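# Architecture at a glance
One-letter residues, chain by chain:
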Amino acid sequence: MPRLLVLACGALASEIRHIVRINGLSHITLMCLPARFHNTPERIVPELETRLERLAPMYERILIGYADCGTGGRLDSLVDRWENVERLPGAHCYEFFATSPRFMELHEAELGTFYLTDFLTRHFDRLVWDTLGLSRHPQLRDMYFGNYRKLVYLSQFDDPELYEMAEEAADRLGLEFHHHPVGLGDLGTSLERFAAAG
């Protein structure tokens with residue numbers, strides 16, 4: 001059995017573990033970078049590079065559990081330097097969870113859309129509300145979100161509590177709430193393909 005590593009964003013840890021468990025992919029090792037890098041994408045590539053230099057010789061193949069995620073193509077440049085490394089498809093997690101065609105439909109329907117996944121809904125206060133300073137200065141809401149019209153919750157699992165939290169987040173941001181249960185999308189198919197490739 002080949003030694004396979006998924007080096008992923010911590011925001012995907014729960015979903016990746018779920019896919020590994022239900023598909024019996026016990027030969028995959030998962031390591032995660034801090035989910036807070038979601039707000040500082042300039043830190044993603046340097047941290048991944050440090051990890052790859054240490055870990056790449058230990059594994060036959062490595063899947064980077066990030067889309068471009070705001071790195072402006074720098075992640076692709078890093079991946080291209082390694083023969084045994086690939087990354088998830090798309091520009092961000094919203095795209096691979098929804099799949100590219102469906103995400104493009106949502107994006108084109110309303111450019112002023114703010115997206116949440118299960119993880120971002122669960123950690124909305126810490127990663128959005130507090131990080132943007134809205135807990136201390138709620139008057140900044142309109143400055144940050146004045147050009148947004150919708151909040152679209154792209155849910156991975158059927159969880160009524162998360163649905164309510166996402167709806168509340170939309171209300172707090174003054175946005176129209178929409179829910180699209182997209183499941184695991186291309187994350188699941190990408191992991192299965194990675195695990196099956198010889």
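Structure: above.
These figures come from a predicted structure and were not determined experimentally.

## A closer look at the overall build of the protein
- Each helix and strand in the protein was counted, giving ten helices and seven strands.
- In terms of its C-alpha atoms, the protein occupies a principal-axis envelope of roughly 50 × 30 × 30 Å.
- Looking at the 198 residues of the protein, the share that counts as buried comes to 45%.
- For the protein, long-range pairs separated by at least 24 residues make up 69% of all intrachain contacts whose partners lie at least 6 apart in sequence.
- Roughly 10000 Å² of accessible area belongs to the protein as shown, and the carbon and sulfur atoms make up 50% of that amount.
- With 20 positive and 29 negative side-chain charges, the protein shows a spacing of 6 Å between the two charge centroids.

## What to know about the side chain of Asn-84
- By the secondary structure assignment, Asn-84 is in the loop between helix H3 (74-80) and strand E4 (85-87).
- In terms of polar contacts, Asn-84 uses its side chain to reach the backbone carbonyl oxygen of Tyr-59, at 3.2 Å.

## Things to note about the environment of Gly-185
- Here Gly-185 is to be found in helix H10 (residues 185-196).
- When the C-alpha positions of Gly-185 and Ser-100 are compared, they lie 9.3 Å apart, and in sequence the two are 85 residues distant.
- Dropping the residues within four chain positions of it, Gly-185 is found in contact with Phe-96, Phe-97 and Thr-99.

## Thoughts on the sheet that holds strand E7 (residues 176-181)
- Taken together, three strands build an open sheet; the order of strands is E5-E6-E7 and the sheet is parallel. The open sheet has two free edges, formed respectively by strand E5 (113-116) and E7, since each of these has just one partner strand. Taken pair by pair, the neighbouring strands of this sheet meet at an average axis angle of 25°, ignoring direction.
- In this structure, strand E6 (residues 150-155) lies alongside E7, joined through six bridges in parallel fashion. Looking across to E7, one finds that Leu-151 is bridged to Phe-177.
- Across the sheet, helix H9 (residues 160-173) touches E5, E6 and E7, and the angle it forms with E6 is around 165°.

## As for H10
- The end-to-end C-alpha distance of H10 is 18 Å, a good match for the 16 Å that twelve residues give at a rise of 1.5 Å each.
- Taken together, the buried positions of H10 are Leu-187, Gly-188, Ser-190, Leu-191, Phe-194 and Ala-195. Angularly, the buried residues of H10 cover 170° about the axis, an arc narrow enough to put them on a single face. Of the exposed residues in H10, those oriented more than 90 degrees away from the buried face are Arg-193 and Ala-196.
- In this structure, the buried side of H10 is in contact with strand E1 (4-9), helix H1 (13-22), strand E2 (28-33), strand E3 (61-65), E4 and helix H4 (93-98).

## What about the pattern of salt bridges?
- Overall, the coordinates contain five salt bridges when judged by the stated rule.
- Measuring nitrogen to oxygen at the nearest pair gives 2.9 Å for the salt bridge that ties Glu-47 to Arg-51. Separated by four residues within a single helix, Glu-47 and Arg-51 lie in helix H2 (residues 44-55), roughly one turn from each other.
- Judged by relative accessible area, which is 25%, Glu-47 ranks as partly exposed.
- Exposure remark for Arg-51: the relative accessible area of 19% places this residue in the buried category.
- Put simply, Asp-125 and Arg-172 hold a salt bridge, and the shortest N to O gap is 2.8 Å. Residue Asp-125 is found in helix H7 (residues 124-130), and its partner Arg-172 is found in helix H9; the two are separated by 47 residues along the sequence.

Conventions adopted
Residues numbered from 1 in each chain as written. Predicted model: local features only at pLDDT ≥ 70, side-chain atom pairs only at ≥ 80, totals over all residues. Heavy atoms only, no water. Helix = DSSP H or I, 4+ residues; strand = E, 2+ residues; numbered from the N terminus. Buried < 20%, exposed > 50% of the residue type's maximum accessible area, 1.4 Å probe, protein only. Contact = heavy atoms within 4.5 Å. Areas by Shrake-Rupley, 256 points an atom, 1.4 Å probe, with all protein chains shown as cover. Lys, Arg positive; Asp, Glu negative; His and termini not counted. Charge placed at Lys NZ, Arg CZ, Asp CG, Glu CD. Polar contact = N/O pair within 3.5 Å; in protein donor to acceptor, adjacent residues only side chain to side chain. Pairing = 2+ DSSP bridges. Axes fitted to C-alpha atoms, helices over the stretch in contact; angles between N-to-C directions. Expected span 1.5 Å × (residues − 1). Arc of directions from axis to C-beta. Salt bridge = Lys/Arg side-chain N within 4 Å of Asp/Glu carboxyl O.

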